[in-house]
Amino acid sequence: MTEVRVRFPPSPTGYLHIGGARTAIYNWLFARKHGGKLVLRIEDTDAERSTQESIQGILDGLEWLGVTWDEGPYFQSEYAAEHMAAAQRLLADGNAYKCFCSKEELEAKREAAAAAKGDYRYDGVCRKLSPEQVREKEAQGLPYVIRFKVPQEPGKVGFDDQVYGRVERAHEDIEDFVIVRSNGMPLYLLCNVVDDIRDRISHVIRGQDGLSNTPRQILLYRALGAELPIFAHMPLTLDLNKAKISKRSHGEIVSVQFYREQGFLPWALANFLVLLGWSTSDDREIFSREELIEAFSFDGITRSNSIFNYRKDDAFSFDGITRSNSIFNYRKDDPKFFTDPKAININAHYLRTLPIEEIGALVKVEFQKEGLWDSAYDGEKKQWFLKNLDMTRERFHTLKDFASLGRAWFADDFAMDETALAKNVLKHPGLKEWLPMLAERFDALPELSHDETERVCREFAEELGVKVGVLVNGARAVITGQVKGPSMFEVFAQISKQRVVTRLKGATQYFE
RNA sequence: GUCCCCAUCGUCUAGCCCGGUCCAGGACACCGGCCUUUCACGCCGGCGACACGAGUUCAAAUCUCGUUGGGGACGCCA
């Protein structure tokens, strides 16, 4: 069996979006599974739109996701001579010809055809030019493009797609397409094929939007005398209006970078993305890297496009019509659903199940950005730091939450949740006295342990004739700023005694 | 407009190739319950789909045809 070689060829005209990322992941999985190589090739021939920043963004995004490549990045622009040589060869072999039709002429014909409700396909006037006529036009200095000669005899081009099955296209439905611009620059269709041949790509795994290009590319492979790769097209990821996701029209919500910034764990995003269009027949949805590589195959790829159910605000406008967004049945005002709920769920799953050291490393990066990091968290306070994370992570959804909802665990400048204040503090005026009194009792203890604090709380509640919950929930509010959280007795024992006492005493401030 | 692809719960999907085991299974979300000092986790339960119409057949989500709907490609972009 020949070596498996796949490639991911992004064009650096924007950030890495989730559709592209998914394709990259599929390629990567396939390569890993078959002990093959993943080639990264930057298709930067569109110099006007390509940017260095975009290239860096794509590389960063892939790295962050854990998609590692074995060769490259190669830059398509560096192979221009090779692309041109291929075009010349096609010309010399009689597989292509020079076309002197001007853009204006073609445009006019296209419009005429549209007006007559017909479809337009290049009529091949230049294909019929005699060598003399060609020489004559060249002598006049007329600009020309190079077109590929599509076979005219009845027949079709076909291939067996690994996902879509047999796909065929009649010769007559393919026009003599342009392969080199009038400025001498070869076009994508040709470059792509030439590069794939040179890179010895064995499997072309790409989005379904490449499906209808494939017959033309196959014609090129044949004319170039190269062996065909195996094609596998992936269904597309659509937006809420069922349009192809693109960086231009959707903005940050579809960019990988956005998820990174919002506190996603890289593998959680990858795991979610892989599920958009692929599944196993059993009910598994959570996969480690190894498990996914093992489980992945084209058999599990669906043929229908999937919708990326990212969050949109209540009403959205499309075609100039504003309509309410009825496809959501989750609480739109719940800030935790800032994107596809399933993505959030998978992220939360990893957040609470990954080894705590791994979470610690990721939170460290967050804290450094937030100015919350203390180098002692890597030293003598490491266990305390990790314990904090372990106690709180169960109800968090992203890495961001540790610095926001979990802020009180690490700093004193935390925010007080309004519901917590109203429901668990102000509702019981007695707490203004009770909480400081509880502080006194805690302060008298040599150290705050789970059992001791529980005993003290229960005794005190009994003396006061109130439910222990009143004391405990009030304490939770003033100590953590939250309505919810882990068992308070564990919290007392975990957050320092000094902080517990100070915050309980400070409860009076909320009643003023 | 032309060519191609697709069509199962709100979303992601299993089942379809090899009709009966499917009055269609799972996940997320939503609702209810249990657990609990709170919330979360977990567990239990609920809501919820075979686009439509013909045909073939004893039997169709599964096969065939048509309709409708959606998507993609049709560029001197990649």
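Residues numbered from 1 in each chain as written. Chains lettered and ligands numbered in written order. Predicted model: local features only at pLDDT ≥ 70, side-chain atom pairs only at ≥ 80, totals over all residues. Heavy atoms only, no water.

1. Quick word on helix 16 (residues 418-426)
Short version of the rule: Note on exposure labels: buried denotes an accessible area under 20% of the residue type's maximum, exposed denotes more than 50%, and partly exposed covers the range between, all computed with a 1.4 Å probe on protein chains only. Note on conventions: DSSP H or I runs of at least 4 residues are helices, E runs of at least 2 residues are strands, and numbering of each starts at the N terminus. The arc in question is traced by the directions running from the helix axis to the C-beta atoms. Contact between two residues is taken to exist if any of their heavy atoms lie within 4.5 Å; hydrogens are not considered. Pairing of N or O atoms within 3.5 Å defines a polar contact, subject to two protein rules: one partner must be a possible hydrogen donor and the other a possible acceptor, and residues neighboring in sequence count only if both atoms are side-chain atoms.
Looking only at helix 16, the buried set comprises Ala 420, Leu 421, Asn 424 and Val 425. Angular distribution of buried residues about the axis of helix 16 spans 115 degrees; they occupy a single face of the element. The secondary structure elements touched by the buried residues of helix 16 are helix 17 (431-444) and helix 19 (468-480). The backbone nitrogen of Thr 419 has a side-chain oxygen 3.0 Å away, supplied by the residue at the start of helix 16, namely Asp 417.

2. Side note on the pattern of salt bridges
Two side chains that carry opposite charge are able to pair once their charged atoms sit near each other. Going by this rule: Note on definitions: salt bridges are taken to be side-chain nitrogens of Lys or Arg within 4 Å of carboxyl oxygens of Asp or Glu.
On inspection of all chains with the given rule, the structure shows 35 salt bridges. As a salt-bridge pair, Arg 5 and Glu 71 come within 3.0 Å of each other at their nearest N and O atoms. Taken together, the positions of Arg 5 in strand 1 (residues 5-8) and Glu 71 in strand 3 (residues 71-75) put the pair 66 residues apart, joining distant regions of the chain. The pair formed by Arg 5 and Glu 71 is uniform in burial state, with each residue classed as buried.

3. Overview of the protein's contact with RNA strand B
Counted only if it meets this: Definition of nearness: a residue and a molecule or strand are near each other if at least one heavy atom of the residue lies within 4 Å of the molecule or strand.
By nearness alone, 67 residues border RNA strand B, and Arg 181, Glu 285, Arg 395, Val 472 and Gly 485 come closest of all. Arg 121 has a polar side-chain atom sitting 3.4 Å from a sugar or linking oxygen of RNA strand B. The separation between a phosphate oxygen of RNA strand B and a polar side-chain atom of Ser 281 is 3.4 Å. Elements that contribute at least two residues to the surface near RNA strand B include exactly helix 4 (103-115), strand 12 (306-307), helix 12 (341-353), helix 19 and helix 20 (488-494).

4. Description of helix 6 (residues 188-198)
Residues spaced three or four apart along an α-helix point in a common direction, a consequence of the helix completing one turn every 3.6 residues. With 8 of its 11 residues buried, helix 6 lies for the most part within the structure. Turning to helix 6, its buried residues are Leu 189, Leu 190, Cys 191, Asn 192, Val 193, Val 194, Asp 195 and Asp 196. On the buried face of helix 6, the contacting elements are strand 1, strand 2 (37-42), helix 3 (80-92), strand 8 (178-180), strand 9 (203-207) and helix 7 (214-223). Just downstream of helix 6 lies Arg 200, where phi reads positive at about 55 degrees.

5. A short note on the nonpolar core
What counts here: Here, nonpolar core means buried Ala, Val, Leu, Ile, Met, Phe, Trp, Tyr and Cys residues that are tied together by side-chain atoms lying within 4.5 Å of each other.
The biggest cluster of nonpolar side chains holds 141 residues, and the ones touching the most others in it are Ile 179, Trp 278, Phe 442 and Leu 504. Residue contributions to this core peak at 9 residues, all from helix 1 (residues 18-33). With near-sequence residues (within four places) excluded, Leu 504 lies in contact with Leu 435, Pro 436, Leu 438, Ala 439, Phe 442, Ala 475, Val 478 and Ile 479.

6. Digging into the sheet that holds strand 4 (residues 96-99)
What counts here: Strands are labelled as partners when DSSP assigns at least two bridges between them. Here an angle of 0 to 180 degrees is reported between the N-to-C directions of two axes, which are lines fitted to C-alpha atoms, with helices fitted over the stretch in contact.
Across the sheet, which stays open at both edges, the 3 strands sit in the order 4-5-8 with antiparallel pairing between neighbours. Either end of the sheet is taken by a strand with one partner, and the two such strands are strand 4 and strand 8. With strand direction ignored, the average angle separating the axes of adjacent strands in the sheet is 45 degrees. The sheet contact formed by strand 4 and strand 5 (residues 145-148) spans 4 bridges and is antiparallel. Looking at strand 5, one finds that Cys 99 is bridged to Val 145.

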